[in-house]
Amino acid sequence: MSEVKISADLRTEFGKGGARRTRRAGKVPAVLYGHGEKPRHIALPAREFAAAIRHGGMTQVFNVEINDGTAALALPKAIQRDPIKDTFEHVDLLVVRRGEMVTIEVPVHLIGEAAASTLVITERDVLAVLADATRLPEFLELPIAGLEAGSQLTAADVTLPEGVELAVDPETTMAVVRDAPTAEDMSGESEAAEV
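In short, a report on the structure. (Residues numbered from 1 in each chain as written. Predicted model: local features only at pLDDT ≥ 70, side-chain atom pairs only at ≥ 80, totals over all residues. Heavy atoms only, no water.)

**Section: the pattern of salt bridges**
Next, step 1: Scanning all chains against the criterion turns up seven salt bridges.
Next, step 2: One salt bridge in this structure joins E3 and R98, with 2.4 Å as the shortest N-O distance. One end of the pair, E3, is in strand β1 (residues 3-10); the other, R98, is in the loop between β6 (87-96) and β7 (101-111), with 95 residues separating them in the sequence.
Next, step 3: The class for E3 is partly exposed, based on a relative accessible area of 30%.
Next, step 4: One salt bridge connects D9 with K27, and the closest N-O pair in it is separated by 2.9 Å. Of this pair, D9 sits in strand β1 while K27 sits in strand β2 (residues 27-34), and the two are 18 residues apart along the sequence. (Salt bridge = Lys/Arg side-chain N within 4 Å of Asp/Glu carboxyl O. Helix = DSSP H or I, 4+ residues; strand = E, 2+ residues; numbered from the N terminus. Buried < 20%, exposed > 50% of the residue type's maximum accessible area, 1.4 Å probe, protein only.)

This is the structure we're talking about:
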């Protein structure tokens, strides 16, 4: 994952009113914290932040350049969105250092198709891993090609890039392959529902 440089302004206004004014100015209120440092209230440019998050998600590393002349590497820890406007309300950024190992949840993509007449049920679509803060994978792959009904895939089956370790029990269930319901099964269920 590449780093994205993003400029930030220190915020002097706090509370709901200050946050509203920050958002009206086209910025996202944020807090930068970690490594025992005092939390810093900043404002990020909304458009640039949204583009970076669309591309890298929660594994995007930001090189935050603050208008007081300081800079910090940071990862998104929590993002609050407005569900109606689909805008960012607030962001918590966690300060990280090069070479530091962090635990983060990464999306898991199923690769391939299971055997015909089967249904793949995803139990978990993210997986907690331990990785270098500046070399986080955007996603992980879980191969399911040709798997028959009755197969169960665990965290140990997920393909991990070099330098990435599981942060969960390897036996954690990720997906299960079952027989797909037939038309008879479906009509039997609807008849049972009518009774």
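**Description of the layout of surface pockets**
Next, step 1: Size it by volume and the largest pocket reaches roughly 280 Å³.
Next, step 2: Around the largest pocket, the lining comprises 14 residues; the ones closest to its centre are R23, A46, D86, T87 and F88.
Next, step 3: Sorting the residues of the lining of the largest pocket by element identifies α1 (15-24), β2, α2 (46-56) and β6 as the ones contributing at least two each.
Next, step 4: Considering only residue class, the lining of the largest pocket consists of four nonpolar, two polar and eight charged.
Next, step 5: Of the voids in this model, the second largest pocket is the one considered here, and its volume is about 160 Å³.
Next, step 6: For the second largest pocket, the full set of lining residues is M58, L75, P76, K77, L94, V102, T103, I104 and E105. (1 Å grid on protein atoms, 1.4 Å probe; cavity = no way out; pocket = protein on both sides within 12 Å on 5 of 7 lines; lining within 4 Å. Points joined across faces, edges and corners; volume = space filled by probe spheres on them. Nonpolar A, V, L, I, M, F, W, Y, C, P; charged D, E, K, R; others polar.)

**Observations regarding the sheet that holds strand β5 (residues 71-82)**
Next, step 1: Spatial strand order, β1-β3-β2-β6-β5-β4: six strands in a closed barrel with mixed pairing. Ignoring which end each strand starts from, the neighbouring axes of this sheet average 45° apart.
Next, step 2: Where β2 and β6 come together, four bridges link them in parallel fashion. Looking at the pairing, V31 lines up with D92 of β6.
Next, step 3: The sheet contacts of α1 involve β2, β3 (37-45) and β6, and relative to β2 the element is tilted by about 120°.
Next, step 4: Sitting on the sheet, α2 is in contact with β1, β2, β3, β4 (61-66), β5 and β6, with an inclination near 100° to β3. (Pairing = 2+ DSSP bridges. Axes fitted to C-alpha atoms, helices over the stretch in contact; angles between N-to-C directions. Contact = heavy atoms within 4.5 Å.)

**A short note on the sheet that holds strand β12 (residues 165-166)**
Next, step 1: Spatially, β10-β7-β9-β12 is the arrangement adopted by the four strands of the open sheet, whose pairing is mixed. Edge positions in the sheet fall to β10 (140-143) and β12, since each of these pairs with one other strand and no more.

**Digging into α2**
Every α-helix winds through 3.6 residues per turn, so residues three or four apart in the chain are directed the same way.
Next, step 1: Taken together, the buried positions of α2 are F49, A50, A52, I53 and G56. Around the axis of α2, the buried residues are gathered within 165° of arc, so they sit on the same side. Turned more than 90 degrees from where α2 packs its buried face, R47, R54 and H55 sit exposed.
Next, step 2: Structurally, α2 contributes buried residues whose contacts are with β1, β3, β4, β5 and β6.
Next, step 3: Once α2 ends, the next one or two residues include G57, with phi positive near 60°. (Arc of directions from axis to C-beta.)

**Notes on the side chain of T172**
Next, step 1: Checked against the element boundaries, T172 lands in the loop between β12 and β13 (173-179).
Next, step 2: Using a relative accessible area of 18% as the deciding quantity, one classes T172 as buried.

**Focus: the pairing of β2**
Next, step 1: For β2, the tally of buried residues reaches six of eight residues, placing the bulk of the element in the interior.
Next, step 2: Bridging between β2 and β3 involves seven bridges; their strand directions are antiparallel. Within the sheet, the bridge partner assigned to V28 lies in β3 and is L44.
Next, step 3: Linking β2 to β3, which pair antiparallel, is a turn of two residues; within it H35 sits at a positive phi near 55°.

**Re the packing of aromatic side chains**
Next, step 1: Within this structure, the stated rule accounts for two aromatic pairs.
Next, step 2: Note on F49 and F62: the rings are 5.4 Å apart at their centroids and 25° apart in plane angle, and the pair reads as stacked. One end of the pair, F49, is in helix α2; the other, F62, is in strand β4, and 13 residues separate them in sequence. Grouping residues by exposure puts F49 and F62 together as buried. (Phe/Tyr/Trp six-rings, centres within 6.5 Å; stacked < 30°, edge-to-face > 60°.)

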